[in-house]
Amino acid sequence: LIIAIVVVINSVLGVFQESKAEKAIEALQEMSAATTKVIRDCNIVTIKSEDLVVGDVILLEAGDAVPADCRITECSSIKIEEAALTGESVPVDKIVKTLMSTGDETSEITLGDRKNMAYMGSIVVYGRGRAVVVATGMETEVGKIASAIASATEGETPLQKKLSQLSKILTILVLGVCVFIFAFSIFMNWKAITTGTSTEIFNHVLDMFMIAVSLAVAAIPEGLVAVVTIVLSIGVTNMSKKNAIIRKLTAVETLGCAEIICSDKTGTLTQNKMTVTDKFASDEKLLAECLALCSDAEISNDCIVTGEPTEAALVTYANSLSLNKNDLVLKAPRIGEAPFDSTRKMMSTVHSYGGETGELIQYTKGAPDEVIKLCSHAAIDGEIVPLTKEIKEKILSENKRMAGNALRVLAGACKNYDLAPESYEPRVLENDLTFLGLAGMIDPVRPEVKDAITECRDAGITPVMITGDHKDTAVAIALELGIIESSSDAITGADLSGMSDEEFNKEVEHIRVYARVQPDHKTRIVNAWKNNGYITAMTGDGVNDAPSIKNADIGVSMGITGTDVTKNVSDMVLADDNFATIVSAVSEGRRVYDNIKKTIQFLLGSNLSEVLSIFFATLLGFVILEPVHLLFINLVTDSFPALALGLEKPENDIMKRKPRSPKSGIFSGGVGVDIIYQGIIVTILTLAAYFIGEFLQTGAWQFMNISLEDGAEGITMAFLTMSMCEIFHSFNMRSQRQSVIAMELRGNHNKFLYGAMLSSLIFTTLVIEVPFLANAFGFTPISIKEYAISMALAFSVIPIVEIVKAFQRRVAKRA
């Protein structure tokens, strides 16, 4: 009955812990839920995609995952990838006009031909527009497919797989030992079995079976799976509080192995608050008007600018010159555009100034070196003059000066039309331009990032900057942050394109900054590090970053500027887009893995001591602990301290170590040896308590064939000693090599461990001292002297392990 009660309690605890873990994950999924920009009450607001309703007007732009089925009402060169829904491998050009069926009245336009619709789950790969929601959730086309799916399963993490393998090994070993002990007991008692009555034979066999059961109970760490689950979930929750939202549990483990962090510059290493601080233009207002109109950022009536940081800076710049974008749009509405493309590095918009002349002007903004290639004239002192070699050299000199000051530089240009252009394709618009000027912006370095870079280096992690900015800008920021020591550690995307994969694999370890990169370059960078055996993290925000993020060991997307595509393929989302958050998450990942190893070492070491105690007692012919005693120890003495160890703070050197190898097993780093010797120590102390108790009861030392009645005080003392020995030993597990006494003296306490010790002491004492509980467990009252001896033996595990640790530290220091 007692065994059944204890097993039920343990099961209930396990279910409760699993439930807590699931709720924690659900909370994190809520935090990382997809969002959508909608127009409500004439304002652009961002809401959770799940809160969309039919009739909402949503904004779509390149990189967005379409959040619902919707009818397109405004379209600027939108292309949508619908392969998952229609099987169409090429992105579909979308239109606004109404479509009519060519068949009879009952026929319907097929899904793939509905070019004025956008469907949930598809991805905007080009352009921008607006659409009205017509179906959400399970009413969408994807929802209809989803309703046919009955269930889904989640894969195990590498750690869980290792624990499963460990469980199988333990099960085989336990069964083998149990069979051996059962057979050995029968052999030792063969004469009594063969000469006794049927009742005596049954009792003998039952006693031997109970001994085998004792070994099984002693060997299996019942709380291990539940403890590991709750430790992982607590770690994930802690990360979310530090703005690192873990989407896949595997990332918790992998983070502890990270050796390379490839990071975007803008918004991650810097504040993402671009401000125009320098310019080069003959007519500053004309340049500002060009840059403000040729952008998708918007300004509210109270002058709050929303949009991509660079474009927001341009609108803010124009507003500082009394050029409010809303007024500019009313004066010159946009009638066509060639959206920004990372390959062209520019965008163009065409505007109608109306009035009697009906003047049409195209504005183009983009990377100076790319825009200048397309210019044939320049606006100087109110006149349009040919772009001579001297003027071009002056422009390039100003561009280099600004870039050398760590400014991000954009060029503005224009083109006049008598009639609307025949097409708004970039090849048609972007030629024969008139250069208007340059605007230099700075995105200040985040103040906490420099310390995070230093912490990275101390932890054996190499930070790598990847940016689309000019090389001079990238080098200036990297030097300020300490990522590089000289410009020789930086290359451009063009340099990278000129290398073969074999050459790049050799050079990648010496390159720390990549400037002017193309999207495909990021994937090459990740693969080169991985080919050299490094565990690599990659950050990104745009749709073009998705391949490299998915390819990395740890894909990290931006929570603020990141597109839905990058978030969906990432392992972790940075809620604050901050590089320092990645470093903090690495530290937390190391702490979680450390604590899981401490928990496993504690549980296996404790269970080994129980197995050895039962084994030697059986060989010597006496009973030291009953199965119910072991179940109680495993439930109270093991589970509570194990959970407390899972909440242990990170050790002070956790970010001073090199990253651990992902191939390292649970028993690596001397853990296996520690489990064995510590299990033996607890066994010796438990056996010593038993024999002392037997001596104090009988007045003589006996080592063979002690009856249950003769050894009652020995059993009680052994139970008390083993219970408290494991509790005290849990303090040793706070660090594998550091002195726990030194940790306590420094004020580094684990309040949860003290709580576990106090509760275990109370429960254990009650079981021994309360008469009806003592009778149920088969204990006998012991004196204060016996109680003190048991506690002294139990406490001695701390100084013994401290001595061994000191020896291990000395050996490691010499090595």
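Residues numbered from 1 in each chain as written. Predicted model: local features only at pLDDT ≥ 70, side-chain atom pairs only at ≥ 80, totals over all residues. Heavy atoms only, no water.

A. Quick look at the overall build of the protein chain. Secondary structure summary: the protein chain contains 30 helices and 25 strands in total. Of the roughly 37,000 Å² of accessible surface on the protein chain, 59% is carried by carbon and sulfur atoms. (Helix = DSSP H or I, 4+ residues; strand = E, 2+ residues; numbered from the N terminus. Areas by Shrake-Rupley, 256 points an atom, 1.4 Å probe, with all protein chains shown as cover.)

B. Focus on the side chain of T536. The residue T536 is located in strand β23 (residues 536–540) in this model. Overall, T536 belongs to the buried group, its relative accessible area being 0%. If sequence neighbours within four positions are ignored, T536 has contacts with I260, C262, W529, K530, A552, D553 and I554. (Buried < 20%, exposed > 50% of the residue type's maximum accessible area, 1.4 Å probe, protein only. Contact = heavy atoms within 4.5 Å.)

C. Spotlight on the pairing of strand β2 (residues 43–48). Looking at chain direction, strand β1 (residues 35–40) and β2 are connected through six bridges and run antiparallel. Among the inter-strand pairings, I39 is bridged to a residue of β2, identified as I44. The hairpin formed by β1 and β2 contains two residues between the paired strands, and D41 there has a positive phi angle of roughly 55°. (Pairing = 2+ DSSP bridges.)

D. Molecular detail of helix α15 (residues 449–458). Among the residues of α15, V449, A452, I453 and C456 are the ones counted as buried. The buried residues of α15 occupy one face: seen down the axis, they fall within an arc of 105°. Where the residues of α15 are buried, they touch β9 (260–264), β20 (462–466), α16 (471–481) and α22 (579–620). Looking at the residues trailing α15, positive phi occurs at G460, about 75°. (Arc of directions from axis to C-beta.)

E. The arrangement of the nonpolar core in detail. Judged by nonpolar contacts, the single largest core of 119 residues is most densely connected at I483, M572, F579, I624 and V797. In terms of residues, this core owes the most to one element, α22, which gives 15 residues. If we ignore the near neighbours within four places in the chain, the residues touching F579 are I261, S263, T268, L269, V449, A452, I453, C456 and P463. Counting 27 residues, the second largest nonpolar core, distinct from the first, contains L321, Y353, Y363 and A439. (Core = buried A, V, L, I, M, F, W, Y, C linked by side-chain atoms within 4.5 Å.)

F. Focus on the pairing of β23. With five of five residues buried, β23 is to be regarded as a mostly interior element. The side-chain alternation of β23 yields two buried faces, one formed by T536, M538 and G540 and the other by A537 and T539. Judged from the three bridges that link them, β9 and β23 form a sheet pairing that is parallel. Of the residues in β23, the one forming a bridge with I260 is T536. Where β23 and strand β24 (residues 554–558) come together, four bridges link them in parallel fashion. Of the residues in β24, the one forming a bridge with T539 is V556.

G. Molecular detail of the packing of helix α25 (residues 712–732) against helix α29 (residues 784–795). Two numbers describe how α25 lies on α29: the axes approach to 8 Å, and their chain directions differ by 35°. Viewed along their axes, α25 and α29 form a crossing whose handedness is right-handed. Only E786, Y787, I789, S790, M791, L793, A794 and F795 of α29 make contact with α25, whose side of the interface consists of E713, M717, L720, T721, M724, C725 and F728. Split by residue class, the contact of α25 with α29 holds eleven nonpolar, two polar and two charged. (Axes fitted to C-alpha atoms, helices over the stretch in contact; angles between N-to-C directions. Left-handed = near helix turned anticlockwise from the far one by under 90°. Nonpolar A, V, L, I, M, F, W, Y, C, P; charged D, E, K, R; others polar.)

H. Looking closely at the packing of helix α23 (residues 627–646) against α25. It is the contact of α23 with α25, at a shortest axis distance of 9 Å, that shows an interaxial angle of 15°. As summarised for this structure, α23 and α25 are arranged roughly parallel, according to the angle between their axes. Along this stretch, α23 crosses α25, giving a crossing that reads as right-handed. On the side of α23, the interface is formed by H629, F632, I633, T637, D638, P641 and L645, while α25 contributes I715, F719, M722, S723, E726, I727 and S730. Residue composition of the contact of α23 with α25, by class: eight nonpolar, four polar and two charged. (Parallel < 35°, antiparallel > 145°, perpendicular 65-115°, else oblique.)

I. Seen up close, the pattern of salt bridges. A complete count under the given rule lists 25 salt bridges for this structure. One network of salt bridges, with partners in common, ties together D594, K598, E651, D653 and R657. (Salt bridge = Lys/Arg side-chain N within 4 Å of Asp/Glu carboxyl O.)

J. Structural view of unusual backbone geometry. For S322, which is not glycine, the phi torsion reads 65° and is therefore positive. By the element assignment, S322 lies in the loop between α10 (309–320) and α11 (325–331).

K. Structural detail: the sheet that holds strand β25 (residues 572–574). Taken in spatial order, the eight strands of this open sheet run β8-β25-β24-β23-β9-β20-β22-β21, and their pairing is mixed. In this open sheet, the two strands that pair with only one neighbour each are β8 (244–246) and β21 (490–492). Mean inter-strand twist for the sheet, computed between neighbouring axes without regard to direction, equals 20°. Sitting on the sheet, α22 is in contact with β8, β9, β20, β23, β24 and β25, with an inclination near 135° to β25.

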